[in-house]
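Residue-level structural notes
Chain by chain, the residues run as shown.
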Amino acid sequence: MKFAEMRSFPNVYQNFDPKDPKLLGINDEYFQLKGQWAEKHFKNNNPITLELGCGRGEYSLALAQMYPERNFIGVDIKGARIWKGATIATEKGLSNIAFLRTKIEQIDLFFGPNEVEEIWITFPDPFVAKENRRMTAHSFLDRYKKFLKQGHTVNLKTDAISLYEFTKEVLADRKDVEIQEDNSDIYAGEVSEILNVKTYYEKIWLAEGKKITYLRFILN
Ligand SMILES: C[S@@+](CC[C@H](N)C(=O)[O-])C[C@H]1O[C@@H](n2cnc3c(N)ncnc32)[C@H](O)[C@@H]1O
């Protein structure tokens, strides 16, 4: 029922074929949004933030309410989670947030050069045994560079120490990166309103007593 209902949502776009960068939107209409999210979806030129692996979209929903003058797109492959986020966005009347259901491996098919001003990666799966699937692996950062505006930021929030350390190694390897903030335990000190947003998974990890880490870096 959720999957059928989602096809009538005006704030959800889905890709079903990794070889074909078509996006299915409201009422099974196909959309070409690469380079055209401002014009065709948001109908304004406000800056766009992406949340990768958004799950139910808690971060995007919170930021969309804090920053009505910015636009947000939650991206995840799991339909039921996106259904939840998109339903809440509609209930709250938020027109500055949309959801994209796709694999992050093909995210660059759906955004044009300079189309995105900020990226959040919130509690991604650490993929302990599969380095190349981690959302901060070199191949993923190279993909983000294709559409992230020059000199803008990527934020990673994670409980997984292995992923935090891995990301720092990747960043240290690169000449196009400038780390702006590196915090191995955000709740040990004062946290900003933005960092204090807690996702579904973050609440689980905090209840288990895990520390939450944060990295913010510029990709040039
Ligand atoms: C641990 S959950 C975190 C969800 C949410 N950000 C939170 O903190 O509650 C990781 C999410 O990333 C999504 N994900 C993992 N790998 C992905 C990929 N390659 N493409 C799209 N989504 C992916 C999963 O479907 C899942 O919803």
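Everything numeric in this text was worked out from a predicted model, so none of it was measured. (Residues numbered from 1 in each chain as written. Predicted model: local features only at pLDDT ≥ 70, side-chain atom pairs only at ≥ 80, totals over all residues. Heavy atoms only, no water.)

**Brief notes about the overall build of the protein**
Test applied: Secondary structure elements are taken from DSSP: a helix is a run of H or I of four residues or more, a strand is a run of E of two residues or more, and numbering for both begins at the N terminus. Here the radius of gyration uses the C-alpha set of atoms, whereas the globule reference equals 2.2 Å times the residue count to the power 0.38. Each residue's exposure class comes from its accessible area (1.4 Å probe, protein chains only) as a fraction of the maximum for that residue type: buried when under 20%, exposed when over 50%, partly exposed otherwise.
Helix and strand counts for the protein stand at seven helices and 10 strands. For 220 residues, the compact-globule estimate of 2.2 N^0.38 gives 17 Å, and the protein sits close to it at 17 Å. Taking the principal axes of the C-alpha coordinates as reference, the protein spans close to 45 × 35 × 35 Å. Each of the 220 residues in the protein was classed as buried or not, and the buried ones make up 49%.

**Re the site of the ligand**
Note the following rule: Working definition: residue near molecule or strand if any one of its non-hydrogen atoms lies within 4 Å of it. Whenever two N or O atoms come within 3.5 Å, that pair is a polar contact, provided that in protein one can donate a hydrogen and the other can accept it, and provided that, for residues adjacent in sequence, both atoms are side-chain atoms. Working definition of accessibility: Shrake-Rupley area with a 1.4 Å probe, residue cover restricted to the visible protein chains. Amino acids are sorted into nonpolar (Ala, Val, Leu, Ile, Met, Phe, Trp, Tyr, Cys and Pro), charged (Asp, Glu, Lys and Arg) and polar (every other residue, Gly among them).
Looking at the ligand, there are 18 residues lining it, with G53, D76, R81, E105 and T199 nearest. Separating an oxygen atom of the ligand from a side-chain N or O atom of R81 is a distance of 2.7 Å. For the ligand, the protein covers 96% of the area, taking 590 Å² as the surface of the free molecule. By residue class, the composition of the shell around the ligand is seven nonpolar, five polar and six charged.

**Quick look at the nonpolar core**
Under the convention used in this document: As used in this record, nonpolar core signifies buried Ala, Val, Leu, Ile, Met, Phe, Trp, Tyr and Cys residues forming a set joined through side-chain atoms within 4.5 Å. Throughout, a contact is declared for two residues whenever any of their heavy atoms are within 4.5 Å.
Counting 39 residues, the largest nonpolar core has W37, L52, L100, I107, F111 and Y144 as its most contacted members. By residue number, the principal contributor to this core is helix α6 (residues 161-173), which donates five residues. Once residues lying within four places of it in the same chain are set aside, the contact partners of Y144 are L52, I104, I107, I119, I121, M135 and L219. Among the nonpolar cores identified, the runner-up in size contains 24 residues, and L63, F123, L195 and V197 belong to it.

**Some thoughts on the side chain of R101**
Test applied: We score Asp and Glu as negative and Lys and Arg as positive, and we do not count His or the chain ends. Salt bridges are defined as contacts in which a side-chain nitrogen from Lys or Arg sits within 4 Å of a carboxyl oxygen from Asp or Glu.
Locating R101 in the fold gives a position in strand β6 (residues 97-101). As a buried residue without a salt bridge, R101 has its nearest oppositely charged side chain in D76, at a separation of 7.3 Å. A polar side-chain atom of R101 sits 2.8 Å from a polar atom in the side chain of Q14.

**Focus: the pairing of strand β8 (residues 148-158)**
On any regular strand, side chains alternate: one points to one face of the sheet, the next to the other face. Where we set the bar: Paired strands, in this sense, are two strands between which DSSP finds at least two bridges. By definition, the crossover connecting two strands over a helix is right-handed if that path, from the first strand to the second, turns clockwise as seen with the strands pointing away from the viewer.
Relative to β8, strand β7 (residues 116-122) runs parallel, the two being bridged by six bridges. Note on β8: the bridge partner recorded for E118 is T153. As for the winding sense of the linkage, the β-α-β connection from β7 through helix α5 (residues 138-145) to β8 is right-handed.

**As for the environment of G53**
One can find G53 in the loop between β4 (48-52) and α3 (58-66). Distance from G53 to T102, taken between C-alpha atoms, is 9.8 Å for residues 49 residues apart in sequence. Other than its neighbours up to four places away in sequence, G53 contacts V75, D76, I104, T122 and M135.

**Digging into the pattern of salt bridges**
Enumeration over the complete set of coordinates arrives at 11 salt bridges. The partner of R7 in a salt bridge is D28, with the nearest N and O atoms 2.8 Å apart. You can see R7 sitting in the loop between α1 (2-6) and β1 (12-14) and its partner D28 sitting in the loop between β2 (23-24) and β3 (30-31), a full 21 residues away along the chain. By relative accessible area, which is 42% here, D28 ends up partly exposed.

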